[in-house]
Amino acid sequence: MASHGIPRVSGASLDKSEQAKQKERKQIDQYKALESEVTDRIKARDYSNATFQATSKLLSQNPEYYTIWNHRRRLLQDVFARELATGPSGPLIDETDAAAAQKAGLTLAQHEIALLVKEDLLFLIPLLKQYPKCYWIWNHRSWLLSTATQHLPVHNSSELWQGELGLVTKMLSLDSRNFHGWGYRRQVVKEIEQLNGSSMAESEFTYTTKMVETNLSNFSAWHNRSQLIPRILSDRQASSKQRQTFFDSEFELITRALYTDPYDQSLWFYHQYLMATLDASNDQALPILDPCTNTGRVDYLEREIDSIKEMLEGAEDCKYIYQALLEYSSRYIEVEAGNKKVSTVELREWLDELRKLDPLRAGRWRDWQEQLKL
Amino acid sequence: METLDNTEWDVVISGTGLPQSLLALALSRSGKKVLHIDHNDYYGGDEAAFSLTEAEGWARKHSNSTSEQSVFSKAAVRTLEVNDAVKSKLGTPRAYSFALAPQLIYTRSNLLQALVSSRTHSQLDFQAVGSWFAVVNDQNDPDAAPRLIRVPSGREDVFRDATLDLRAKRSLMRFIRFVGSYDEDGEREKWVQFREQPVHSCLRDQFSLPDAAIEALLALALPPYANIEPTMATVVPRVRQHLQSIGVFGAGFAAVLPKWGGLAEIAQVACRACAVGGGVYVLGKGITNATKSEVGVTLELSPGEKIKTQWLVGCSKDLPTSGSYTSDLKDNSGAIAKRVAVISSPLTSLFPPTSEGGPLPAGAVVVAKSATSPRATVQILAHSSESGECPTGQCVLYATSTGSDGLDVIDEAISSLLRSIGEEPVPDILWRMDYVQTSHDQSDNGLSVDGPIVTLPSLSIDAVYEDKLLNSTKEVWQMITGGSEGAFMKFEPREGIDEDEADDG
């Protein structure tokens, strides 16, 4: 199985020999035994290192088993609590540990927690590589780091989160469209920003540029870009003129992309986002222009409708173009009742093309026809 | 060692070039008794890799005109007129590994699939071939420095390319989409019409592509070495192979090269697999005579040993040429000139990263047209020191051209390339080796079977590894083992090797 060219399984062949089948049966038996070992130990409130190791073994085989991740967190919490309760004069203090903790400016408990967290983060890396779309692995990382942030000084937790940013960048270079990765990246960036007290919107924006230049069909990168724009503009304290320049350069970018490939839906989504920021009634998209006047709206709508019309040449079979033309035209008619730019004849033609190109959505096109009173 | 005299074999493979070695790999689990010999005292045959000293020895051996035994001739190592400071940059002989077969392999090629399914890929190191370039001379100003243009090799490149205006981007993408669907129902009519048209006029008139974009596409297609204008039928499938290979093994590259000396590495690993499976290897042993009998062939080996085998397989140059079994391959004198050149600069601008977070390429392709004879094209495969073929701070260029003046054209092209890089001073050639390689005119699969004697097709001398080679390996493997097509090169892990571990590798 593969989606957008990224294989999802490790390529195990389906037609197995008898020998391989036998091996698999043996593995299943071992797995079952391991599973009951873990659940029995947890039931017996055995929070020992042996139980912890057993969860590692089980989760390596089946990271989708979320109950086991819960058990694992309970075990870790138990260790953390014990470390914190022991205090500096506990009976079993290793002198080298104590020295290391002192050197790092940490209490002994903090030192131990940091070690355990780092160890568990390392344990997750091969799993994450093998199962990059498993919710529970991402979730467990997030829990480890949040817990570390609670217990450790800012300097140490910030270092951990910085490491996470490196990891998620690596993961996104392996699969640039992994939305788990993008969501996690936003969380990591937010934490670092909070810990350091400075915005990373600019560098993250540059990162989305690099990512779409590597692969235009990246819904997540375009989405992230749109989320960063209002923050960048406010961070920069951009003037009206600067906002307009920014807006224009985003249109230039997406127009270049749409000329390159008008058949790519992710690009149209971003174009729609830019257009939506002009729409006063849309509270999902913060305006980029400030002030966003009616004249400004009309100007941009006219310009984009013209530009998209030109895009039709050589791509007459691209339904997204007609869809965009109709959508933006209906908004244009709303704000500019004079209706100079688009004629009813054109609207009908576009709708006819859509009916031909996408007959399965006939109902939708009929609705549109009624809405536009064609 | 023990004598081979009077031994009996199921299969004798002659020559350790890539075609023969792939057959050895295919037979490595067949239970057949395999003897694999080579008249050379090194592995790899026509696809071998050499250190600097070995290359000099090889060149001396192939300095004369074409011999019966070899496709190589006119080999010569040239010492350039450079001052001592430049000469001293040349590393120790062992620091170099020059590939006779530096062919690039597209990521969708059947060769890579076979290496994975036969579990040999983990013994190989593949590196990305990242960028394609065209060296363009200014038509109006012959004194102007030639320009190096990166060929847009996919949608994102077209999007980023600042030299293409919006319309050119659109036209280029329209052609690229056609390339993806030319054999489908909707486009078939168009394809029938375009197939035999010369590339330049068709792309200009039918796809409104500007001249620069046409040259770029031709560099991407790397058409076979020939002095005639290629047709759409030659170019379109090659562009398709390129585009469909991008991103298969990682972002930003379409082709790979095996580290440490090109296809020689694959041949070696394949031989090793056959040896692990019980195959016997003897170097420095050729076949002087072969006589067919009812049950197979009787062979005379070089020092007078006689052996028997059910099958004898080799490329035509590795099999005795006299007797009734000579293959009907014609020597069609498709001679091409080749040059291996060590450059005094890493030429970093040829190996830029091609994607965010992707691998740093170790290979690049440069296509240069001659200013003096415009039909002549030079294809240059550039390998960085990451390929393990030269010390850091240098790179190796493998240049190829056709025709009798091939070497002059190569001279011109390399000099244009070195000037187009924009480095000051212009990098020097520290060492170079020239030779001529003759290709056989092969029928579609080039395989020829005469009873128990099978002649394998040679590797195509083009810049790109072609899938037909492995297809004929499969045919021969089926002939010998009777195995089903689906089982070809599909191996389970060997006893004692943990499957999971093998997969992780």
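Nothing here was measured: the structure is a model prediction, and the numbers come from that model.

### Considering the overall build of chain B
Moving on, step 1. Within chain B one finds 14 helices and 20 strands.
Moving on, step 2. In summary, chain B has a C-alpha radius of gyration of 23 Å against a globular reference of 23 Å for 505 residues, a match within 12%.
Moving on, step 3. Viewed in the frame of its principal axes, chain B has a C-alpha envelope of about 70 × 65 × 50 Å.
Moving on, step 4. For chain B, with 505 residues in total, the buried portion stands at 54%.
Moving on, step 5. Counting contacts in chain B only where the partners sit at least 6 residues apart, residues at least 24 apart contribute 70% of the total.
Moving on, step 6. Surface exposure of chain B reaches about 21,200 Å², of which carbon and sulfur atoms provide 48%.
Moving on, step 7. Counting 45 positive and 65 negative side-chain charges, chain B places the centres of these two groups 3 Å from one another.

### What to know about the overall build of chain A
Moving on, step 1. Along chain A, the regular secondary structure elements total 16 helices and 2 strands.
Moving on, step 2. Here the C-alpha radius of gyration of chain A, 28 Å, is well above what a compact globule of 374 residues would show, namely 21 Å.
Moving on, step 3. The dimensions of chain A, computed from C-alpha atoms along their principal axes, are 85 × 60 × 30 Å.
Moving on, step 4. Across the 374 residues that make up chain A, the buried fraction comes to 45%.
Moving on, step 5. For chain A, restricting intrachain contacts to residue pairs at least 6 apart in sequence, the fraction spanning at least 24 positions comes to 63%.
Moving on, step 6. Within the structure as shown, chain A displays about 19,600 Å² of accessible surface, and the carbon and sulfur contribution to it stands at 52%.
Moving on, step 7. For chain A, the centre of its 46 positive side-chain charges and the centre of its 52 negative side-chain charges are spaced 4 Å apart.

### Re the domain arrangement of chain B
All names here are of chain B.
Moving on, step 1. Entries for chain B in the domain assignment read domain 1 (1-50 + 260-329 + 442-488), domain 2 (52-95 + 126-150 + 248-258 + 333-439) and domain 3 (154-245).
Moving on, step 2. Taking only C-alpha atoms into account, the centre of domain 1 sits 31 Å from that of domain 2.
Moving on, step 3. Each side of the interface is counted separately: domain 1 has 16 residues, and domain 2 has 23 residues.
Moving on, step 4. Roughly 1,600 Å² is buried in total at the junction of domain 1 and domain 2, and carbon and sulfur atoms are behind 59% of that figure.
Moving on, step 5. For domain 1, the biggest contributors to the area lost against domain 2 are F50, K317 and I461; these three give 46% of the whole.

### Points about the domain arrangement of chain A
All names here are of chain A.
Moving on, step 1. The domains assigned to chain A are domain 1 (21-87 + 98-198) and domain 2 (201-374).
Moving on, step 2. Taken over C-alpha atoms, the centre of domain 1 sits 42 Å from the centre of domain 2.
Moving on, step 3. Contact with domain 2 buries area across many residues of domain 1, yet R177, W182 and R186 alone supply 54% of it, more than any other trio.
Moving on, step 4. Counting across the domain 1 and domain 2 interface gives 2 salt bridges.
Moving on, step 5. Across the pair E193 and R231 runs a salt bridge, and its minimum N-O distance is 2.9 Å.
Moving on, step 6. At the junction of domain 1 with domain 2, the criterion picks out 5 residue pairs in polar contact (both at pLDDT 80 or more).
Moving on, step 7. Sorting the residues of the side of domain 1 that touches domain 2 by element identifies α7 (154-174) and α8 (179-196) as the ones contributing at least two each.
Moving on, step 8. No other element matches α8, which puts 6 residues into the side of domain 1 that touches domain 2.
Moving on, step 9. Classifying every residue of the side of domain 1 that touches domain 2 by side-chain character gives 5 nonpolar, 2 polar and 4 charged.

### Some remarks on empty space enclosed by the protein
Residue and element names in this part refer to chain B.
Moving on, step 1. Taken as a whole, this structure holds 3 cavities of 30 Å³ or more when the rule is applied.
Moving on, step 2. Lining the largest cavity are 18 residues; nearest its centre among them are P102, K338, L381, Y398 and T400.
Moving on, step 3. Every element with two or more residues in the lining of the largest cavity is listed here: β14 (334-343), β16 (377-384) and β17 (395-402).
Moving on, step 4. Residue composition of the lining of the largest cavity, grouped by class: 12 nonpolar, 3 polar and 3 charged.

### Section: the nonpolar core
Moving on, step 1. One finds F98, L104, W132, F175 and M232 of chain B to be the most contacted residues of the largest nonpolar core, which totals 68 residues.
Moving on, step 2. Of all the elements, helix α9 (residues 211-221) of chain B adds the most residues to this core, at 8 residues.
Moving on, step 3. Beyond its immediate sequence surroundings of up to four residues, M232 of chain B is in contact with F175, W191, F194, R195, Q197, V199, C202, L203, F207 and P237 of chain B.
Moving on, step 4. Of all hydrophobic cores here, the second largest spans 61 residues; its members include A221, Y300, M311 and V342 of chain A.

### Some words on the packing of aromatic side chains
Residues and elements named next belong to chain A.
Moving on, step 1. The final tally for this structure, using the stated rule, is 30 aromatic pairs over all chains.
Moving on, step 2. Between F205 and F246 the ring centres are 5.6 Å apart and the planes differ by 40°, which places this aromatic pair in the tilted class. With F205 in helix α9 (residues 201-214) and F246 in helix α11 (residues 240-260), this pair connects stretches of sequence that are 41 residues apart.
Moving on, step 3. Judged by its relative accessible area of 9%, F205 falls in the buried class.

### Observations concerning the environment of Q187 of chain A
Residues and elements named next belong to chain A.
Moving on, step 1. With respect to the helices and strands, the residue Q187 is situated in helix α8.
Moving on, step 2. Q187 gets classed as partly exposed once you look at its relative accessible area, which sits at 27%.
Moving on, step 3. Spatially, the C-alpha atoms of Q187 and W161 are 9.8 Å apart, while their sequence positions differ by 26 residues.
Moving on, step 4. Apart from the residues lying within four places of it in its own chain, the contact partners of Q187 are S142, S146 and W161.

### As for unusual backbone geometry
Moving on, step 1. That bond from D290 of chain A to P291 of chain A is cis: its omega, 5°, falls within 30 degrees of zero.
Moving on, step 2. Among the secondary structure elements, P291 of chain A is positioned in the loop between α12 (265-276) and α13 (294-311).
Moving on, step 3. E424 of chain B connects to P425 of chain B through a cis peptide bond whose omega is -5°.
Moving on, step 4. Inspection of the secondary structure assignment puts P425 of chain B in the loop between α12 (406-420) and β18 (429-439).
Moving on, step 5. Despite not being glycine, L347 of chain B has its phi angle at roughly 45°, a positive value.
Moving on, step 6. Mapped onto the elements of the fold, L347 of chain B is located in the loop between β14 and β15 (363-369).
Moving on, step 7. When its relative accessible area of 0% is taken as the criterion, L347 of chain B is described as buried.

### Notes on the interface of chain A and chain B
Moving on, step 1. Every contact between the two is made by 30 residues of chain A and, on the other side, 19 residues of chain B.
Moving on, step 2. Carbon and sulfur atoms make up 50% of the surface buried where chain A meets chain B, a total of about 2,300 Å² over both sides.
Moving on, step 3. On the chain A side of the contact with chain B, E213, Y259 and T260 of chain A bury the most area, a combined 28% of that side's loss.
Moving on, step 4. Counting across the chain A and chain B interface gives 5 salt bridges.
Moving on, step 5. The shortest N-O distance in the salt bridge between R155 of chain B and D264 of chain A comes to 2.7 Å.

### Description of the pattern of salt bridges
Moving on, step 1. Using the criterion set out here, one finds 45 salt bridges over all chains in the structure.
Moving on, step 2. Close ionic contact of D120 of chain A with R72 of chain A constitutes a salt bridge, the shortest N to O distance being 2.4 Å. Residue D120 of chain A is located in helix α5 (residues 108-130), and its partner R72 of chain A is located in helix α3 (residues 66-86); the two are separated by 48 residues in the primary sequence. The pair D120 of chain A / R72 of chain A is uniform in exposure class, with both members buried.
Moving on, step 3. One salt bridge connects E485 of chain B with K474 of chain B, and the closest N-O pair in it is separated by 3.4 Å. Here K474 of chain B lies in helix α13 (residues 468-481) and E485 of chain B lies in the loop between α13 and α14 (499-504), a separation of 11 residues in the sequence.
Moving on, step 4. Several salt bridges converge on common partners, so that one network encompasses D261 and D264 of chain A together with R155, E156 and R177 of chain B.

### Notes on the side chain of S385 of chain B
Moving on, step 1. Mapped onto the secondary structure, S385 of chain B falls in the loop between β16 and β17.
Moving on, step 2. Excluding residues within four positions of it along the chain, S385 of chain B makes contact with C390, P391, T392, G393 and Q394 of chain B.

What counts and how
- Residues numbered from 1 in each chain as written.
- Chains lettered and ligands numbered in written order.
- Predicted model: local features only at pLDDT ≥ 70, side-chain atom pairs only at ≥ 80, totals over all residues.
- Heavy atoms only, no water.
- Helix = DSSP H or I, 4+ residues; strand = E, 2+ residues; numbered from the N terminus.
- Rg over C-alpha atoms; globule rule 2.2 N^0.38 Å.
- Buried < 20%, exposed > 50% of the residue type's maximum accessible area, 1.4 Å probe, protein only.
- Contact = heavy atoms within 4.5 Å.
- Areas by Shrake-Rupley, 256 points an atom, 1.4 Å probe, with all protein chains shown as cover.
- Lys, Arg positive; Asp, Glu negative; His and termini not counted.
- Charge placed at Lys NZ, Arg CZ, Asp CG, Glu CD.
- Domains from an automatic or database assignment.
- Buried area = accessible area lost by both parts, 1.4 Å probe.
- Salt bridge = Lys/Arg side-chain N within 4 Å of Asp/Glu carboxyl O.
- Polar contact = N/O pair within 3.5 Å; in protein donor to acceptor, adjacent residues only side chain to side chain.
- Nonpolar A, V, L, I, M, F, W, Y, C, P; charged D, E, K, R; others polar.
- 1 Å grid on protein atoms, 1.4 Å probe; cavity = no way out; pocket = protein on both sides within 12 Å on 5 of 7 lines; lining within 4 Å.
- Points joined across faces, edges and corners; volume = space filled by probe spheres on them.
- Core = buried A, V, L, I, M, F, W, Y, C linked by side-chain atoms within 4.5 Å.
- Phe/Tyr/Trp six-rings, centres within 6.5 Å; stacked < 30°, edge-to-face > 60°.

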